[in-house]
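Fold and contact review
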Protein chains: 2
Amino acid sequence: MTSDSQSAAHPLDYIFHPRSVAVVGISADLPKIWIRRLYLDSLIQSGYPGQIYLVNPKGGEMAGLPIYRSLKDIPGEVDHVVISIPAPYTPGIMAECRDMGVKVAHVFASGYAETGEAERIELQDRLVAIARQGNIRVIGPNCLGIYYPKGKIGLIPDFPADPGPIGFLCQSGGNVAYMVRHAVARGLRFSKIVSYGNACDINECDLLDYFAADPETKVIAAYIEGARDGRRLKEALARAAAAKPTVVLKGGYTAGGSRAAASHTGSLAGADAVWDGLLTQVGAIRTYSIEEMVDILVALLRVRPPRGFNTCAVGNGGGASVMATDELERAGLRLAPIPGEIREGLKDFIDLANSMLRNPIDISPLATVVGFEYLMDLGSRRFEEMLREKLAKGPSVHWARLNAQLQKWPGLDLVIYHHGFDVSPMPLSELMVNCIVGPMALAAKACELPNAIVLHSIGNDHTWQSSAELRGLCVEFGLPLFLSMRGAATAMRALIDYNLAHPEKLAALHSS
Amino acid sequence: MTSDSQSAAHPLDYIFHPRSVAVVGISADLPKIWIRRLYLDSLIQSGYPGQIYLVNPKGGEMAGLPIYRSLKDIPGEVDHVVISIPAPYTPGIMAECRDMGVKVAHVFASGYAETGEAERIELQDRLVAIARQGNIRVIGPNCLGIYYPKGKIGLIPDFPADPGPIGFLCQSGGNVAYMVRHAVARGLRFSKIVSYGNACDINECDLLDYFAADPETKVIAAYIEGARDGRRLKEALARAAAAKPTVVLKGGYTAGGSRAAASHTGSLAGADAVWDGLLTQVGAIRTYSIEEMVDILVALLRVRPPRGFNTCAVGNGGGASVMATDELERAGLRLAPIPGEIREGLKDFIDLANSMLRNPIDISPLATVVGFEYLMDLGSRRFEEMLREKLAKGPSVHWARLNAQLQKWPGLDLVIYHHGFDVSPMPLSELMVNCIVGPMALAAKACELPNAIVLHSIGNDHTWQSSAELRGLCVEFGLPLFLSMRGAATAMRALIDYNLAHPEKLAALHSS
């Protein structure tokens, strides 16, 4: 911990600022290469500025660093120890940590209380008792530990080096991996992540309190399988949700899921209705999958907060437009008929045949015309180069006219731009699809109304691969990108509900 | 129409057996290249054995065929005419069809009743009146027409040439495209598809009746936006659902969606509750998206019918297993605790640390061991070559032992094998992932219990691309492959409900 951060920061802040890290159980043996990748290579790759110490009774060296035979052989102070040896040997190491004045121990190993076996529960209790003797805070066991990009503490080699606004506490290690990869593909970044596993010491309440106070965290996301102290959890959740938008994925909310949570992290999961009431009462946003959680985070962070449910859907395809409308209205949004004068305005420049100038608006003829314009304009440039140039100039004339009509629509709260890739009867070249969808992305970027873009109906591998460039450009342009209409609809509903209940929180989020 | 098919077949069967097809409106002009691709190139590519005639007032030739200046110039009988000229000119062509004894006219053009404009509604009525004078059956307008691979009538160039058991009637053209591409990626094929648009003559009732009687169709799928005659629809749906598993996606079931359906295909959509009651009453399976429809078709055609809801989930990852359980139980399946003696049997060969030997079963340690075995065994072969060889020999020893334990579990109805790609804390090479998931696919193939495989949690482009080979192999092996746990859960619930209500239908389907 640095004295700077200690002076003003939350009591837990020092766990993110170790001056030195020791990895106990580092090994060149094949199955243990994971330990090296997660807790040595990631630190080196992220440029961790503190001391890194490696420990294994066999000694030797790795990555140019000596491997000490024992923690006690380390020639300096150790703030943070990663304990990655089999569970039965961990109490001995914890005792050494205690004796050396270690501040934080992250226990990677599993095989403790989550097994449900009496001797394994006792082993975990023993570990905690030893840690308490030395005032050591324990992360885990049975977890991945800390990711803090600003502090140059990497975790998984493919995680990004740059930080963002989301603080994520996650009882599962695998869900950290999936959450980050899925969120990064949508342009999101994280302030700090703690994977805390069995929560034998540092638990969901500590972390909620921490993130509520953390100035680097603007939105809190939590994957929680259970809690030991319901009253404390309620208070911590209430404080977090009062401070910042807080999104919770409760793992193990069914009877079977609850048993699974007990088996995964030794959690007392609690009844679903209790959690539902609790989350509603404190004003947290509940989600039911990692995909839904990423969708609502995209909505919170990338969509200007809509004031109500009046929505217009603008996209390509008749059946796709009908189904988009169903998904949006089923989620609680409202697609009112288009006002007569705006319909007349659209008829000036969109052909009636093969279009739908109602709400939804199927703009297929317009999209085709603009697509050919783009194609003709491309010259020898690569598509992404052209689209970046055009971004500065704004949308094409047709799309600008369409946006102008939408912006005149009284009481319209939200525009959903969408393109269904595999609904086109003709398999189009990647370049032609880019020239159709690219202008839509620029229109979404320029639209003065709250809006989102949904690139959906991807039916096969070829389409997924050929649409990668477009999805990447949407993310690069800062657009709120969704990959299914149902996902977008669910997230927009949650966003609008949240904004109606807590307008000041989203205003603060978007001004920061 | 052939005299063979006419003698015994349904009165509508001749629409799938034209001796000749004329395409009116063929053109080398750029925007009209679609017409050529859909109605000339596709017929040639699929090897259509009848005569193909091309018509355009400008004359000329295309693909080695003469372009006649008028329908009347064609030197032979014309059974089927594709009318792909702008709507206002179509009555004149229909009159020529009438005078020449054409049997079926497919009107591709849009811009009729679906626009809601009085003169366009009248235009459609006029078209129908002229067709009636000549006893011409009309498909459309505003639709793609017919796909009949067995009869070598192609439609969209990337559609497969080989037929399958699904008969699909679809009021939207785009949804035909998306449905086929999405279904093909999961290994499904179609007997016949009719995209019927505004349904000015041939409508959903005619097609339901046809597919109910069609010996080439084993399962009926329908995307319907609306119906003019509720009583007749109910009767047709009842006959279809009595004859074969019938899956219906009602487009436009919300208020806004209903208005959209009117604007898309001029449909009177009807209240959602009416449709829900109707579909329940006749025993049809209702779905709410193309993805859900493909999922239930995979379940109906690829999963041995489970007798009840008792399910075991077997896969990789703790958090992933907890969330899988929630999704499965939320859909109405039941994950009961694993019987003690089976748990003991599993402990014999699966490490307790980093696993969950409950239900769900997290088999991470087993998967890793087998993965390394496969990797060592690979030699100079390509992975898919090895997996095809191993398919003949059956699953690896560890997986066979696991299957044997599951098969001893009294009352277990269904096994869900699953792998979450991006939940692994380590980004693994494609080859290593293949070696972990490949053996699971072989275990699913060998399992004597009803089962499905879910390859899910794909968070980014790289994972999607690198998992393509595995997904392709699962499809090639005939496995029921799902791409999300929610999708699998929804489909399994529908499958079990259907099997409990209509066991004889699924028995007939799987014996055919």
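In this section: the overall build of chain A. A tally of helices and strands in chain A yields 20 helices and 19 strands. Relative to the globule expectation of 24 Å for 512 residues, the C-alpha radius of gyration of chain A, 26 Å, shows essentially globular dimensions. Counting only C-alpha atoms, chain A reaches 80 × 55 × 45 Å along its principal axes.

The next subject is the packing of helix α11 (residues 318-330) of chain A against helix α19 (residues 485-501) of chain A. Residue and element names in this part refer to chain A. Close contact between α11 and α19 brings their axes to 8 Å; oriented N to C, the two are set at 30 degrees. As the angle between them shows, α11 and α19 are arranged roughly parallel. As for how α11 packs across α19, the hand of that crossing is right-handed. Seen from α11, the contacting residues are Met-323, Ala-324, Glu-327 and Leu-328; seen from α19, they are Met-485, Arg-486 and Ala-489. Tallied by class, the residues present in the contact of α11 with α19 amount to 5 nonpolar, no polar and 2 charged.

Another point: the domain arrangement of chain A. Residue and element names in this part refer to chain A. Per the domain assignment, the segments of chain A are domain 1 (3-139), domain 2 (145-302) and domain 3 (311-511). Domain 1 and domain 2 are separated by 23 Å when their C-alpha centres are compared. On the side of domain 2, 27 residues touch domain 1, which itself brings 28 residues to the contact. Where the side of domain 1 that touches domain 2 is concerned, the elements lending two or more residues are α2 (33-46), α4 (118-133) and β7 (137-139). For the side of domain 1 that touches domain 2, the leading source of residues is α2, giving 7 residues. Residue classes in the side of domain 1 that touches domain 2 are distributed as 15 nonpolar, 9 polar and 4 charged.

Turning to the pairing of strand β12 (residues 246-250) of chain A, a few remarks are in order. Residue and element names in this part refer to chain A. Taking burial as the measure, the 5 residues of β12 include 5 buried ones, the bulk of the element. Here β12 shows two buried faces, one formed by Thr-246, Val-248 and Lys-250 and the other by Val-247 and Leu-249. Note that strand β11 (residues 219-224) and β12 share 5 bridges and pair parallel. Following the sheet pairing, Ile-224 is matched in β12 by Lys-250.

Residues and elements named next belong to chain B. When you line up the elements, Glu-204 lands in helix α6 (residues 204-213). Given 28 C-beta atoms within 10 Å, Glu-204 falls into the buried group. Through-space distance from the C-alpha of Glu-204 to that of Lys-192 is 14 Å; in sequence the pair is 12 residues apart. Dropping the residues within four chain positions of it, Glu-204 is found in contact with Leu-169, Ala-199, Ala-222, Ile-224, Ala-227 and Leu-233.

All names here are of chain B. Remark: helix α5 (residues 173-184) packs on helix α10 (residues 290-302), axes separated minimally by 10 Å, with the N-to-C direction vectors making an angle of 40 degrees. Viewed along their axes, α5 and α10 adopt a mutual orientation that is oblique. Handedness of the α5/α10 crossing: right-handed. On the side of α5, the interface is formed by Asn-175, Tyr-178, Met-179, His-182 and Ala-183, while α10 contributes Ile-290, Glu-291, Met-293, Val-294 and Leu-297.

Here the focus is the sheet that holds strand β3 (residues 61-62) of chain A. All names here are of chain A. A sheet is described by the order of its strands in space; here 7 strands give the open sequence β3-β4-β2-β1-β5-β6-β7, paired in mixed fashion. Unpaired on one side and paired on the other, β3 and β7 mark the two borders of the sheet. Bridge count between strand β5 (residues 80-83) and strand β6 (residues 104-107): 4 bridges; the pairing is parallel. Within the sheet, the bridge partner assigned to His-80 lies in β6 and is Val-104.

Let's shift gears to the pairing of strand β14 (residues 311-316) of chain B. Successive side chains on a regular strand alternate, one facing one side of the sheet and the next facing the other. All names here are of chain B. A large share of β14 lies buried, amounting to 6 of its 6 residues. The alternating pattern of β14 places Thr-311, Ala-313 and Gly-315 on one face and Cys-312, Val-314 and Asn-316 on the opposite face, and all of these are buried. Relative to strand β16 (residues 361-362), β14 runs parallel, the two being bridged by 2 bridges. Bridge pairing links Val-314 to Ile-361 in β16.

Turning next to the interface of chain B and chain A. Listed as interface residues are 71 residues of chain B and, on the opposing side, 70 residues of chain A. Those elements giving two or more residues to the side of chain B that touches chain A turn out to be α2 (33-46), α5, α8 (255-265), α11 (318-330) and α17 (461-466) of chain B. Broken down by element, the residue count for the side of chain B that touches chain A peaks at 10 residues, all from α11 of chain B. Among the residues forming the side of chain B that touches chain A, the class breakdown is 30 nonpolar, 28 polar and 13 charged.

Residues and elements named next belong to chain A. Across chain A, pLDDT averages 94, with 98% of residues at or above 70. Here residues 1-7 is modelled with pLDDT under 50, and outside its nearest four sequence neighbours on either side it reaches 9 contacts, counting other chains as well. The ipTM value of the predicted complex is 0.95, and its pTM value is 0.95.

Each copy superposes on the other: chain B lies on chain A with an RMSD of 0.0 Å after a rotation of 180 degrees and an axial shift of 0.0 Å. What the rotation and shift describe, once combined, is the action of a two-fold rotation axis. When each C-alpha of chain B is compared by its distance to the rotation axis, Gln-465 of chain B comes out closest, at 3.6 Å. Looking at the interface residues of chain B, 99% of them are also at the interface in chain A, so both copies use one shared face.

As a further point, take the nonpolar core. With 350 residues, the main nonpolar core has Leu-297 of chain A together with Leu-297 of chain B as its most contacted residues. Leu-297 of chain A has contacts with Ile-166, Ala-183, Leu-188, Val-219, Ala-221 and Val-247 of chain A, leaving out every residue within four places of it along the chain.

So, about the sheet that holds strand β18 (residues 451-456) of chain B. Residues and elements named next belong to chain B. With mixed pairing, 6 strands are arranged side by side in an open sheet as β15-β16-β14-β17-β18-β19. On the outer flanks of this sheet lie β15 (356-357) and β19 (481-482), each paired with one strand and no other. In the sheet, β14 pairs with strand β17 (residues 414-420) via 6 bridges, with the strands oriented parallel. Following the sheet pairing, Val-314 is matched in β17 by Tyr-417.

Residue and element names in this part refer to chain B. The terminal C-alpha atoms of helix α13 (residues 364-377) lie 20 Å apart, and with 14 residues this matches the ideal 20 Å at 1.5 Å per residue to within 8%. For α13, the complete set of buried residues consists of Ser-364, Leu-366, Ala-367, Val-370, Gly-371 and Tyr-374. Viewed along the axis of α13, the buried residues span an arc of 150 degrees, placing them on a single side of the element. Its buried side turned inward, α13 meets β14, β16, α15 (397-408) and α16 (430-446).

Quick look at the environment of His-106 of chain B now. Positionally, His-106 of chain B belongs in strand β6 (residues 104-107). For the pair His-106 of chain B and Arg-382 of chain B, spaced 276 residues apart in sequence, the C-alpha separation works out to 48 Å.

Bringing unusual backbone geometry into the picture now. Both trends apply: most residues other than glycine have a negative phi, and most peptide bonds are in trans. Cis geometry is found at the peptide bond from Asn-359 of chain A to Pro-360 of chain A, where omega equals 15 degrees. Relative to the helices and strands, Pro-360 of chain A resides in the loop between β15 (356-357) and β16 (361-362). The omega torsion across Gly-140 of chain B and Pro-141 of chain B is -5 degrees, close enough to zero to call that bond cis. Tracing the backbone through its elements, the reader meets Pro-141 of chain B in the loop between β7 (137-139) and β8 (145-147). Even without being glycine, Asn-142 of chain B reaches a positive phi, approximately 70 degrees.

The rules we used
- Residues numbered from 1 in each chain as written.
- Chains lettered and ligands numbered in written order.
- Predicted model: local features only at pLDDT ≥ 70, side-chain atom pairs only at ≥ 80, totals over all residues.
- Helix = DSSP H or I, 4+ residues; strand = E, 2+ residues; numbered from the N terminus.
- Rg over C-alpha atoms; globule rule 2.2 N^0.38 Å.
- Axes fitted to C-alpha atoms, helices over the stretch in contact; angles between N-to-C directions.
- Parallel < 35°, antiparallel > 145°, perpendicular 65-115°, else oblique.
- Left-handed = near helix turned anticlockwise from the far one by under 90°.
- Contact = placed C-beta atoms within 7 Å.
- Nonpolar A, V, L, I, M, F, W, Y, C, P; charged D, E, K, R; others polar.
- Domains from an automatic or database assignment.
- Buried ≥ 20, exposed ≤ 12 C-beta atoms within 10 Å, placed from the backbone.
- Pairing = 2+ DSSP bridges.
- pLDDT = per-residue confidence, 0-100.
- Least-squares fit on C-alpha atoms with pLDDT ≥ 70 in both.
- Core = buried A, V, L, I, M, F, W, Y, C linked by C-beta atoms within 7 Å.
- Expected span 1.5 Å × (residues − 1).
- Arc of directions from axis to C-beta.

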